[in-house]
Amino acid sequence: MSEDTNEIVRRLVRTANLEVIPMKGTDEKLGVVPASTRLTITMSPKFGLERTLQYVEIGRKAGHEVVPHLAARQVPDVATLEDFVGRANDLGVTDLYVIGGDAEEPAGEFASAAELLEALRGIDHRLERIGVGCYPEGHPKISDEVLLDALKTKQPMANYMVSQLCFDEQVLVGWLRRMRSTGITLPLRIGLAAPMNFTKLADLSVRIGVGSSLSYLRKQHGFIRNMIFGKSYRPEKMLERIGGDLGSPELDIEGIHLFSFNQIAPSVEWQQRVAGTNEDQAA
């Protein structure tokens, strides 16, 4: 690996966004996270909009830049959208990550991220950046053609895209090259799994629907041995395998979205070790 790639890996890891699931008690884990780390706060049908905003406030009080997720299928109407964005703005939020969401049925008039983004256009807000999701491995319920059309629709209303969790650098880079050839120019934040026990990672990957990428991971030398001996996944290795493409202007990879699965302390330790930093812990 060239020195330039080493430097890019360190920079991407140092500036990675750390995804937090707002489960009760998770706030107690955040004390180990340096204030310079940007947090993203997920949203799910189980926890709802209020829990996401609650953790946005916790993160902001600790000095973090915070990016809330907003799931379109959980927003019943424009009034609720205005309220959520207004309250997020009042907490100092300038970056929002808009997804369709996992709810089986929409809570109201928004069934997709694109519909909610269109509604945002008519709202007076102080957002400076908006992110959207993308699917290098495809989606179990949505065809590749529909996913591409949706991404093209969302592109004029967004500033960057975040990929689903992926372990296969060839799939990721190949997909990204195809997207660039179709006119998708949004900078990419790579969805990367945090370091964790291989057995736990395998279970989580199946549950969130990235089975094909997990199959790739299972084929790698030493996977079974790592599971048997309880070793942990090393996410920086995927970045190293991407190599020089990390710095390709054509591919435009702007950063990392680290899926922590609330393994907060190991994620922070990994980030500091790989990036070569040893920042003071947040107060």
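Report follows, based on the coordinates. (Residues numbered from 1 in each chain as written. Predicted model: local features only at pLDDT ≥ 70, side-chain atom pairs only at ≥ 80, totals over all residues. Heavy atoms only, no water.)

**Quick word on the pattern of salt bridges**
Move 1: Under the criterion given, the structure shown has 17 salt bridges.
Move 2: A salt bridge links Glu 104 to Lys 141; its shortest N-O distance comes to 4.0 Å. Taken together, the positions of Glu 104 in the loop between strand E4 (95-99) and helix H4 (113-120) and Lys 141 in the loop between strand E5 (129-134) and helix H5 (144-154) put the pair 37 residues apart, joining distant regions of the chain. Across the pair, exposure class does not vary: Glu 104 and Lys 141 are exposed alike. (Salt bridge = Lys/Arg side-chain N within 4 Å of Asp/Glu carboxyl O. Helix = DSSP H or I, 4+ residues; strand = E, 2+ residues; numbered from the N terminus. Buried < 20%, exposed > 50% of the residue type's maximum accessible area, 1.4 Å probe, protein only.)

**As for the side chain of Lys 154**
Move 1: Mapped onto the secondary structure, Lys 154 falls in helix H5.
Move 2: Despite being buried, Lys 154 has no salt bridge partner; Glu 115 is the closest side chain of opposite charge, sitting 12 Å away.
Move 3: When residues no more than four places from it in sequence are discounted, the contact partners of Lys 154 are Ala 113, Ala 114, Leu 117, Val 132 and Gly 133. (Lys, Arg positive; Asp, Glu negative; His and termini not counted. Contact = heavy atoms within 4.5 Å.)

**Regarding H5**
Move 1: Those residues of H5 lying buried are Leu 147, Leu 151 and Lys 154. Projection of H5 onto a plane perpendicular to its axis shows the buried side chains occupying an angular sector of 65 degrees, all on one side.
Move 2: On the buried face of H5, the contacting elements are H4, E5, strand E6 (160-165) and helix H6 (169-181). (Arc of directions from axis to C-beta.)

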